[in-house]
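Residue-level structural notes
Each chain, written out:
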Amino acid sequence: MTIEDLAVKMDGLATKTDLKIDESVGSLAIMVQNGFMETAKQEDLLALTERVKKIEERLDGHDKEFKGMHQNFDDLFQKIKEIREDMKEADSRADVVDLQIRVSKLEKKIRS
C-alpha cells in the first residue's frame, strides 16, 4: 500500500466520520426540538386550561348579565366544552395555537 492509497483511505474515513457526526448531531437536534415542542405544548395547554376556567367562573352564575341573551350564553358554554375536548386531543403546536385563538375570541366576547 502506497502513501497515496493510505491518504485516500484516510480521506474516506474522515468523510464517513464527518457524515456520522453530522447525522448524530442532526438527530440530537431533532430530539431536543421535539422535547422542547412537547414541553411548550404542555405548558401552553396548562395555561389554556386556566384561561378556560376563568371564562367559566366569570360566566357561571352571571346569566343575569346576559338577560335576553340565553342562546348566546348557551353557545359560549358549548364553545368552552368543545375547546376542553379539543385540548385533550391537541397533538401539535398548530393545534395549541388554534386553541389559543379560540380562547382569546371567547375572552373578548365576555369582556364586551
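Residues numbered from 1 in each chain as written. Predicted model: local features only at pLDDT ≥ 70, side-chain atom pairs only at ≥ 80, totals over all residues. Heavy atoms only, no water.

Our focus in this paragraph is a positive patch on the surface. The grouping of Arg58, Lys79, Lys105, Lys108, Lys109 and Arg111 at the surface amounts to a positive patch. The biggest single contributor to the positive patch is helix 3 (residues 93–111), with four residues. Note that Lys105 resides in helix 3. Judged by its relative accessible area of 57%, Lys105 falls in the exposed class. (Patch = residues over 30% accessible without salt bridge, like charges linked within 9 Å, V, L, I, M, F, W, Y side chains within 5 Å. Areas by Shrake-Rupley, 256 points an atom, 1.4 Å probe, with all protein chains shown as cover. Salt bridge = Lys/Arg side-chain N within 4 Å of Asp/Glu carboxyl O. Lys, Arg positive; Asp, Glu negative; His and termini not counted. Charge placed at Lys NZ, Arg CZ, Asp CG, Glu CD. Helix = DSSP H or I, 4+ residues; strand = E, 2+ residues; numbered from the N terminus. Buried < 20%, exposed > 50% of the residue type's maximum accessible area, 1.4 Å probe, protein only.)

When the charged atoms of two side chains lie near each other, side chains of opposite charge can form a pair. Considering all chains together, one arrives at four salt bridges under this definition. Two residues, Glu50 and Lys53, come together in a salt bridge whose shortest N-O distance is 3.6 Å. Taken together, the positions of Glu50 and Lys53, both in helix 1 (residues 3–59) and three residues apart, correspond to about one turn of that helix. Judged by relative accessible area, Glu50 falls into the partly exposed class, the value being 42%. Exposure remark for Lys53: the relative accessible area of 36% places this residue in the partly exposed category. Across the pair Asp86 and Arg102 runs a salt bridge whose closest N-O atoms are separated by 2.7 Å. Linking Asp86 in helix 2 (residues 70–89) with Arg102 in helix 3, this pair joins segments that are 16 residues apart in sequence.

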